[in-house]
Amino acid sequence: GVGSRLVLAAQAWAREHGHDRLVMEMQSKNYPAIRFAQKLAFEFSGYNDRYYENQDIALFFAKRLV
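Numbering of residues starts from 1 in each chain and follows the order in which that chain's sequence is written. Restriction of local features to residues with pLDDT of at least 70 applies here, the model being predicted, together with a cutoff of 80 or more for giving and counting side-chain atom pairs; totals for whole chains, interfaces and linings are based on all residues. Calculation of side-chain values draws on the structure's entire complement of heavy atoms; hydrogens and water are dropped beforehand.

Attention shifts here to the nonpolar core. Within this scheme, the nonpolar core is defined by two criteria: the residues are buried Ala, Val, Leu, Ile, Met, Phe, Trp, Tyr or Cys, and they are joined through side-chain atoms within 4.5 Å. Three exposure classes are used, based on accessible area relative to the maximum for each residue type with a 1.4 Å probe and protein chains only: buried under 20%, partly exposed in between, and exposed over 50%. Counting residues in each nonpolar core, the largest one holds 13 residues, and the members touching the most others are Met26, Ala37, Phe42 and Phe61. Every element with two or more residues in this core is listed here: helix H1 (2-16), strand S1 (21-27), helix H2 (31-39) and strand S3 (58-64). Not counting chain neighbours up to four residues away, the residues in contact with Ala37 comprise Met24, Met26, Phe42 and Phe61. By the criteria applied, helices consist of DSSP H or I runs no shorter than four residues and strands consist of E runs no shorter than two, each listed in order from the N terminus. In this analysis, two residues are considered to be in contact whenever any of their non-hydrogen atoms come within 4.5 Å of each other.

Set out below in structure tokens:
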């Protein structure tokens, strides 16, 4: 729906402005966001175990824009 269209628009904008990668960040317990990133062909690219104020783990998903 709307989320997919927003990410696709962000990808188009990033390509037009010469960027070669898009990164999404989310909390490790945000399962819907993780599935959403995977559905849009983003791949797991790392984590930070103290990214948030409450010390929750952040997951990073990236997608190359070719």
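On to unusual backbone geometry, then. Peptide bonds are trans in most cases, and residues, glycine excluded, mostly fall at negative phi. If you check the backbone angles, Ala41 has positive phi at about 70° while not being a glycine. Inspection of the secondary structure puts Ala41 in the loop between H2 and strand S2 (43-48). Its identity is not glycine, yet Gln55 carries a phi of approximately 70°, on the positive side.

Judged by which residues are buried, S1 turns out to be one-sided: Leu22, Met24 and Met26 face inward and are buried, whereas Arg21, Val23, Glu25 and Gln27, on the alternate face, are not. In terms of strand pairing, S1 meets S3 through seven bridges, oriented antiparallel. Bridge pairing in S3 links Arg21 to Arg64. Pairing between two strands requires that DSSP report at least two bridges joining them.

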